[in-house]
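These are the residues of each chain, in order.
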Amino acid sequence: MAVRRGELGYHCGIDAAMDVVSGKWKVLVLWALDQRPYRFGELRRALPGVTEKVLAAQLRELEDDGIVRREDFAEVPPRVEYSLTELGRGLNRALEPLGAWGREHRLPADYPGARSA
């Protein structure tokens, strides 16, 4: 078995999980891919502000961690789609309570999707 990033230096489960989702864009990539598979350009447009270089690097890390699947279709013109693996869907389920906490404690009450009082 290959040694993954930080595998020898983890102190707890939260430490290991944060290693997988660390990075400004990874959680947003997970959220987007939870909706449906995306082609690279579509995903980049869905995440305003992310650069091509950063998105490619974050997708590569998520793929290496088994969270994202990259499917390369043998077509002309070339087509590649990114989707969540079962492990990625499980990670999104684990992040749902964190999102609920953020909506409850950090978003203004009139923000769409915020919990009503």
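Residues numbered from 1 in each chain as written. Predicted model: local features only at pLDDT ≥ 70, side-chain atom pairs only at ≥ 80, totals over all residues. Heavy atoms only, no water.

### Some details on the sheet that holds strand 1 (residues 38–39)
Strand order in the open sheet formed by three strands is 1-3-2, with antiparallel pairing between adjacent strands. The sheet is open, and its two borders are formed by strand 1 and strand 2 (68–73), each paired with just one other strand. Looking at chain direction, strand 1 and strand 3 (residues 79–84) are connected through two bridges and run antiparallel. Bridge pairing in strand 3 places Y38 opposite Y82. (Pairing = 2+ DSSP bridges. Helix = DSSP H or I, 4+ residues; strand = E, 2+ residues; numbered from the N terminus.)

### Considerations on the nonpolar core
Counting 21 residues, the largest nonpolar core has V29, L43 and V68 as the members making the most contacts within it. Of all elements in the fold, only helix 1 (13–21), helix 2 (26–35), helix 4 (52–64), strand 3 and helix 5 (86–105) reach the threshold of two or more residues within this core. With four residues, the single largest contributor to this core is helix 2. (Core = buried A, V, L, I, M, F, W, Y, C linked by side-chain atoms within 4.5 Å. Buried < 20%, exposed > 50% of the residue type's maximum accessible area, 1.4 Å probe, protein only.)

### As for the environment of S83
Inspection of the secondary structure assignment puts S83 in strand 3. For the pair S83 and Q35, spaced 48 residues apart in the sequence, the C-alpha separation amounts to 9.3 Å. Here S83 is in contact with L33, P37, I67, V68 and R69, once residues within four sequence places are set aside. (Contact = heavy atoms within 4.5 Å.)

### Overview of the layout of surface pockets
Quantified by volume, the largest pocket comes out at close to 460 Å³. The wall of the largest pocket is formed by 15 residues, among which V27, W31, L95, G99 and R103 lie closest to the centre. At the level of elements, helix 2 and helix 5 are the ones that each hand at least two residues to the lining of the largest pocket. Counting residues per element, the lining of the largest pocket draws most heavily on helix 5, which supplies seven residues. Within the lining of the largest pocket, the residues separate by chemical class into eight nonpolar, four polar and three charged. (1 Å grid on protein atoms, 1.4 Å probe; cavity = no way out; pocket = protein on both sides within 12 Å on 5 of 7 lines; lining within 4 Å. Points joined across faces, edges and corners; volume = space filled by probe spheres on them. Nonpolar A, V, L, I, M, F, W, Y, C, P; charged D, E, K, R; others polar.)

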